[in-house]
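Results of the structural survey
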Amino acid sequence: MEKTERSCTLLVHFDKGSPAMANEIKEALEGNDIPLKIDALKKAIKLLLNGETLPQLFITVVRYVLPSEDHTIQKLLLLYLEIISKTDASGRVLPEMILICQNLRNNLQHPNEYIRGVTLRFLCRISEHEILEPLMPSVLTCVNHRHPFVRRNALLAISAISRLPHGEHLLPDAADLVEKAVETEADASARRNAFVMLCNCAQDRAVAFLLSHADQVSGWSGLLQMAVLDLIRKVCRTNPALKGRYMNIIIALLSSPNSEVVYECAGTLVSLSSAPTAVRATANTYCQLLASQSDNNVRLIVLDRLDELRVAHRAVLVEVVMDVVRVLSTPDLDIRRKVISIVLELLTPKNVEEVVLFLKKEVLKTQTPAAAGGEDLDKSGEYRLVLVQAIHTCTMKFPEVASSVAYALMDFLGDSDVKSGANVINFLREIIETNPKLRASIIQRLTDTFYQIHHPIICTRTLWLLSEYSLSLSEVQSALETIKQCLGDLPLFTITEESEIANVQTQPEATAASSIAVSTRKPVILADGTYATQTAATETALLKPLVSPKSLSTTLHLRSLILSGDFFVAAVLANTLTKLVLRLEEVQPSKTEVNKATTGVLLIMVSLLQLGTSSVLSKQMDGSSYDKIVLCIKLLCNTGGDEVRKLLLKSCHESFVVYLAEKQARENEEIKAKSLDSYAQPDDLIDFYHLKSRKGMSQLEIEDEVQDDLKRATGDFTNESEDASKLNRILQLTGFSDPVYAEAYVTVHHYDIVLDVTIINRTKDTLQNLCLELATMGDLKLVDRPQNYTLAPESSKQIKANIKVSSTETGIIFGNIVYDTSNGIDRTVVVLNDIHIDIMDYLSPANCPDFAFRNMWAEFEWENKVAVNTTITDEKEYLEHIAKSTNMKCLTTPSQLEGDCGYIAANLYAKSIFGEDALVNLSVEKQADGKLSGYIRIRSKTQGIALSLGDKITIKQKGSS
C-alpha cells in the first residue's frame, strides 16, 4: 500500500493518465464550456484516486472552477478538494489552502440552500484545524437557517467536527448548541441528527432530555425514536441496573405506527429483560409484523428473531404458535419451511391437535386448483411434501393425533407426485406400528385405495404393509382379493398353436406389418410333444381377450408395473402373497379355503417366473428376484422349512421395530445435544429477591429479577465452552524470535471470515507506517484496504480484516507485515504463516431422513468419486475414520452395520454453514489379502464442496494419523 493513497468517499477505477491527458484536462478547465469542464473535472478526480498527483492542476481549478455557479461543478469540486493533499511532508497545511477557505466561506453564506448543504456535508470529511477554524462562525450561522436541508447538514458538520481531537477548541459550547436544537428543531431528520450528536458528546444530557420527555416519545418521528432506542441500549449495556427507568418508554414504542421502530423496540426489550411479560410482548410484536409486512425478506428476518427467541424462551413462544403457523398463507416456500421448522419445535400436548388440523387444511388446499383458491400446480407438490413431513413429525411426537390426519393423507398415495406419496406411506408405516388402535382402519383404507397406486416404490411399500399388518381373516381375504383384481387375469402371456402362427405368417404383407410382433415369437415344445409359441399379454390383437389397454392403464397398475419389466415389484408381490397365505393358515379353520388360496397364489408365482424367463420382454428377471419367488413357492409347497416361515412372519417385523427404536434414539440424542449443559460456580452470589425491597419496582422489573436468579442458579450466565473454543482457533502468524509477533483469531460466520490479528512490537523502537498486507487464494476476497499504523515500543495493536467467501471450498490467506524503523531508511518485511481456510470449518454433522437423502442424491448433479486407498484393514474402523475426518454424520443405523460379512455400505451427511448439503456414500469390501477396496462417492449441489471434500478424503483416508 503506497503512502500516497488517500481516503475518499468516491472510489472508481481508472487507467493511469499521461502528460498529454493532464494538458487536455487543464485546457478544458480553462474554457467556458460547462459540459467539457464537468468531464475534465471527473477525469481529474479519477486520476487522483488512482495515484496521480497532478500538482499543476490546483491553480487552474482555483482560477477557473471555483467561481463557477453550476451545481454539478460545485459538487465535483468538493470531491476534488476532498482527495487532494492539503498538507506538506511535515503535516502543515499548504499555504494555497487559504484560497479554498475563502471559497468555502462564500459557499456557506451562499443564498442557494443546495450549495450551503453540500458544502456543510463536505466539512464532515475535513480534519485540518487550520481550514475549519475560520469557517466555524459561518457553520454556526447555518444551524438557524430557514431551510431544513441546511440545518440538517449543519448539525452533521458540527457532530463530525466535535469528534475531532481538536473539536473542543473549535466548538467549546457544542453540547449547549445541540441541546437547544433538539428542543426547538421542527424537522425530523435535523432533530434526529442533533439528538445523535448529543448522545455522542454529552450522553448525560441526552438521557436527561429523554427522561424529561418520556411521555412524548410515542409522538416523535420514527428517526428520532430509533435514535432513542439506540441510546437506551447503550446506557443499559454500560449500567444494566438502570434498565427499569426505560421500560415504560420501550413498551410505549411497541405501539408505534412505524414498523422499523416496532422491530427495533421488540429486539431492545428482549435484550434488556428476560421476564415472561417482556418476552410475551416481543413475541406478539413479531407476530404482528409477520401479519402486516408483505416483503418476504422482512418476514424471513422476523422469523429468524422468533427462532432465536424460541431457543431461550420456548415456554412463552408456545402461546403464540397459532399466530406463527398462520404465516403459511404466504406463497413463498422458504418462508413456509421456516415457519414449519419453528412450529415443530413449539409443539405441546395442548396445541398439537390444533396445529395438525391447520396443517391438514393446508394439505387439502394443495389439491384445489389455483383458480378455485388453491395452490399453483408447480408449487403445490413441493409444499405438500413439506406439509406431509411436518405432519409425520407431529404424529411421531404425539401419536394420539394420527387418527385425525391419516385417512386424509392416504388420498395422496395415488398422486402423481411420487415424493409426497412416498412420505405418506412412510408415515403410515410408522403410525400403524406405534398406534395399534388405528391398524384395522388403516389396513381397510389401504385395501380400498390400492388400485389407485401406480408408482413402484409406493406399491411395494403398500404391499409390505398389507402383508405385515393384515391379521384378521377378513383383512387377509380382502387383501388377497384386492391384489388379484389389480393383477388381472392369468396367465400374463398366451401360448398359441404352431398352426395358428403359420396361418398368420401366410397372410398378406400388410396384415403381417400390422401385427409384426408375431414374427418375434419363440417356438417351444409342450409337455405333450406338440409345438407352440409364446408372447407377451400386451401385444397385438391376439392378447386383447386378456386385458384391454384402457383397463390396464386405469385399474391394473400392478399388472402394468410387472409387464414393464419391474421384477422387483414381482418379487415383493410373491413375498406379500406368501405371507398372506401363511397368515390365512393361522386364522382360517377351513383347510379347503386355505388350499384354494394357496393354489391361486402358486399360479400367480409360476406366471411371474414364466414371464421373467421368457424372451417376450426386453429384459429378463434378475437372479435375486428369481430366487425370492422360487423360495416363496417352496415355502407354500411345505419344502421351505420353519426357519423361512419364521423369517417372513416374525423376523421382518422385529427388524422394523428395531429400526423405529434406533430412529427414536437418534432423535433423542439430537434433542439432548441441543440442550447445552450449564453449571453454576460454587462461589456465585445468591440473591434472595424475596428479601429485597420492591418499593418503586414495576411488575416487569420484579419478573426480571426472578429470571436473573433462575439463570444464575442454572448457570446460564457462565460460558466457558465458548472461551475454550476461541483458544483453539488462535493461529500463530510469526515466530517468537521475530521483532514483530502476530497471531490471529479466525471467525467464520456465514459468508464472512473475520481475522482478528494481534500485533505486538517486541523491540525498543517505534515502528512507523506498519501495515498488514494480506492476499488470498481460492474463492476468497478481501473487503478492507490495509491501513498504516504507528506502534510504540513493546505495545500491541488489534487489527481486523474482513474477507468475503463466495463458495464452500478450501482457501488460503497469506501475507506479511511491513514497517519502517525509526531512522526512516530501512523498510522491514516479516512474512506471515499461511492461514488455511479448511472446508471442515464450513461443515457440521447433521441428520437427514432416508427419503430426503435419496431425493437429494438423485437431484444433485456434482459427483466426485474417490477410490479407497488406506492402510486400515477393518471396514468399520475405516468408516469411523472417514466420518471423523470429514466431520460428517453416519446415517446408517448401528443395527445395519452389525455382523462381519466383509463389506460395508453406509451413507454420511453434513450441512455447511451456508445451508448447502454434502452427501457421501461409502462402499467398501475386504479383499482376500485383507486390504480394503471400493469407492467413496460425494454428491453436492455445488462443485466446490464435491471437489474440496474429495481432496480432504484423499489426504485423510490413509490412516488415523
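Residues numbered from 1 in each chain as written. Predicted model: local features only at pLDDT ≥ 70, side-chain atom pairs only at ≥ 80, totals over all residues. Heavy atoms only, no water.

1. Concerning unusual backbone geometry
- Of note, Glu794 is a non-glycine position whose phi angle comes to about 55 degrees, a positive value.
- For Glu794, the location among the structural elements is in the loop between strand S9 (788-791) and strand S10 (796-805).
- The phi angle at Asn887 is positive, at roughly 60 degrees, despite the residue not being glycine.
- Tracing the backbone through its elements, the reader meets Asn887 in the loop between helix H40 (875-886) and strand S16 (889-890).
- The class of Asn887 is partly exposed, set by a relative accessible area of 28%. (Helix = DSSP H or I, 4+ residues; strand = E, 2+ residues; numbered from the N terminus. Buried < 20%, exposed > 50% of the residue type's maximum accessible area, 1.4 Å probe, protein only.)

2. What about a negative patch on the surface?
- A cluster of acidic residues, Asp874, Glu877, Glu880 and Asp900, forms a negative patch at the surface.
- Here Asp900 is to be found in the loop between S16 and strand S17 (903-912).
- Taking the relative accessible area as the measure of exposure, Asp900 reaches 70% and is therefore exposed. (Patch = residues over 30% accessible without salt bridge, like charges linked within 9 Å, V, L, I, M, F, W, Y side chains within 5 Å. Areas by Shrake-Rupley, 256 points an atom, 1.4 Å probe, with all protein chains shown as cover. Salt bridge = Lys/Arg side-chain N within 4 Å of Asp/Glu carboxyl O. Lys, Arg positive; Asp, Glu negative; His and termini not counted. Charge placed at Lys NZ, Arg CZ, Asp CG, Glu CD.)

3. Re helix H2 (residues 34-49)
- The end-to-end C-alpha distance of H2 is 23 Å, a good match for the 22 Å that 16 residues give at a rise of 1.5 Å each.
- Inspection of H2 places Lys37, Ile38, Ala40, Leu41, Ala44, Ile45, Leu47, Leu48 and Leu49 among the buried residues, and these make up the whole buried set.
- One or two positions beyond H2, positive phi appears at Gly51, with a value near 105 degrees. (Expected span 1.5 Å × (residues − 1).)

4. Details of the side chain of Arg336
- Note on placement: Arg336 falls in helix H21 (residues 333-344).
- Engagement of the side chain of Arg336 in a polar contact is seen with the backbone oxygen of Leu328, the distance being 3.1 Å. (Polar contact = N/O pair within 3.5 Å; in protein donor to acceptor, adjacent residues only side chain to side chain.)

5. Observations regarding the packing of helix H26 (residues 439-449) against helix H28 (residues 473-487)
- It is the contact of H26 with H28, at a shortest axis distance of 10 Å, that shows an interaxial angle of 20 degrees. With respect to H28, the element H26 is oriented roughly parallel. Considering how the two elements wind past one another, H26 and H28 form a crossing that is left-handed. Facing H26, whose interface residues are Arg439, Ala440, Ile443 and Thr447, H28 presents Glu475, Ser478, Ala479 and Thr482.
- Tallied by class, the residues present in the contact of H26 with H28 amount to three nonpolar, three polar and two charged. (Axes fitted to C-alpha atoms, helices over the stretch in contact; angles between N-to-C directions. Parallel < 35°, antiparallel > 145°, perpendicular 65-115°, else oblique. Left-handed = near helix turned anticlockwise from the far one by under 90°. Contact = heavy atoms within 4.5 Å. Nonpolar A, V, L, I, M, F, W, Y, C, P; charged D, E, K, R; others polar.)

6. Quick look at the environment of Leu289
- Relative to the assigned elements, Leu289 resides in helix H17 (residues 276-292).
- A residue is classified by how much of its surface remains accessible, and Leu289, at 7% relative accessible area, is buried.
- Along the primary structure Leu289 and Val262 are separated by 27 residues, whereas in three dimensions their C-alpha atoms are 8.4 Å apart.
- Residues in contact with Leu289, not counting those within four places in the same chain, are Ser259, Val262, Tyr263 and Val302.

7. Observations regarding the environment of Arg280
- Mapped onto the elements of the fold, Arg280 is located in helix H17.
- Taking C-alpha positions, Arg280 is 9.3 Å from Val270, a pair spaced 10 residues apart along the chain.
- The residues contacting Arg280, other than those within four sequence positions of it, are Val316 and Glu319.

8. Some thoughts on the packing of aromatic side chains
- Tallied over the entire structure, the rule returns eight aromatic pairs.
- Arranged with centres 6.1 Å apart and planes meeting at 55 degrees, the rings of Phe195 and Phe209 form a pair that is tilted. One end of the pair, Phe195, is in helix H12 (residues 188-201); the other, Phe209, is in helix H13 (residues 203-212), and 14 residues separate them in sequence.
- We classify Phe195 as buried; its relative accessible area is 0%.
- Taking 5.3 Å as the distance between ring centres and 65 degrees as the angle between the ring planes, the aromatic pair formed by Trp464 and Phe656 counts as edge-to-face. With Trp464 in helix H27 (residues 456-469) and Phe656 in helix H36 (residues 642-674), this pair connects stretches of sequence that are 192 residues apart.
- One aromatic cluster is present, formed by Trp464, Tyr469, Phe656 and Tyr659 through successive ring pairs.
- Positioned above the aromatic ring of Tyr935 is the side chain of Lys865, whose terminal nitrogen or guanidinium carbon lies 4.4 Å from the ring centre. (Phe/Tyr/Trp six-rings, centres within 6.5 Å; stacked < 30°, edge-to-face > 60°. Lys NZ or Arg CZ within 6 Å of the ring centre and 35° of its normal.)

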